[in-house]
Amino acid sequence: MGTDRDDDRFFRYPGPVPYSHETAIVMLADSVEAASRALKSPDEEEINKLVERLIDEKIQEDQLVNCPLSFKDLVQIKRVFKKQLRSIHHVRISYPVLNQPAEEINSL
């Protein structure tokens, strides 16, 4: 028996489906960005799978049926979303801790 958190009705917008390029892209961006925040390890593979899955689900649920996006547009949108999410979730390298006294470093 699931909880309310398991019921996706609580996380869906009951409003109309998008009718323009812009509203469709905003809907997709909002979905993808919000879901990416829940990724435990947002590496390139996980981000790619997430973007593909979410946009494919929107298509299957007829969320994009009234907007003029083409398949070519969707390929480009996926590519841009993946690039942006990789940038947002980029883990910076850790800088090495220098164990040398400052005078040794300055003499190099």
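Refer to the structure printed above.
In this text, all values refer to a predicted model and were calculated from it rather than measured experimentally.

A. Structural context of helix α1 (residues 21–36). Between its terminal C-alpha atoms α1 stretches 22 Å, which fits the 22 Å expected from 16 residues at 1.5 Å a residue. Buried within α1 we find Ala-24, Met-27, Leu-28, Ser-31, Val-32 and Ser-36. Viewed end-on, α1 has its buried residues packed into an arc of 155°, placing them on one side of the element. Across α1 from its buried face, at more than 90 degrees, point the exposed residues Glu-22, Val-26 and Asp-30. Those residues of α1 that are buried lie in contact with α2 (44–60) and α3 (71–88).

B. The arrangement of the environment of Ala-24 in detail. Relative to the helices and strands, Ala-24 is located in helix α1. On the basis of relative accessibility, which here comes to 0%, the residue Ala-24 falls in the buried class. Considered as a pair, Ala-24 and Gln-63 are 39 residues apart in the sequence and their alpha carbons are 8.5 Å apart. Beyond its immediate chain neighbours, meaning those up to four positions away, Ala-24 contacts Pro-18, Leu-64, Cys-67 and Leu-69.

C. Up close: unusual backbone geometry. Backbone geometry at Asp-62 places phi at a positive 60°, although glycine is not the residue there. Counting through the fold element by element, Asp-62 comes out in the loop between α2 and α3.

D. Seen up close, the side chain of Lys-82. Tracing the sequence through the fold places Lys-82 in helix α3. Residue Lys-82 is classed as buried on the basis of its relative accessible area, which comes to 15%. Separated by 2.6 Å, the side chains of Lys-82 and Glu-52 make a polar contact. Beyond its immediate chain neighbours, meaning those up to four positions away, Lys-82 contacts Ile-47, Asn-48, Val-51 and Glu-52.

Each value, and the rule that gives it
- Residues numbered from 1 in each chain as written.
- Predicted model: local features only at pLDDT ≥ 70, side-chain atom pairs only at ≥ 80, totals over all residues.
- Heavy atoms only, no water.
- Helix = DSSP H or I, 4+ residues; strand = E, 2+ residues; numbered from the N terminus.
- Expected span 1.5 Å × (residues − 1).
- Buried < 20%, exposed > 50% of the residue type's maximum accessible area, 1.4 Å probe, protein only.
- Arc of directions from axis to C-beta.
- Contact = heavy atoms within 4.5 Å.
- Polar contact = N/O pair within 3.5 Å; in protein donor to acceptor, adjacent residues only side chain to side chain.

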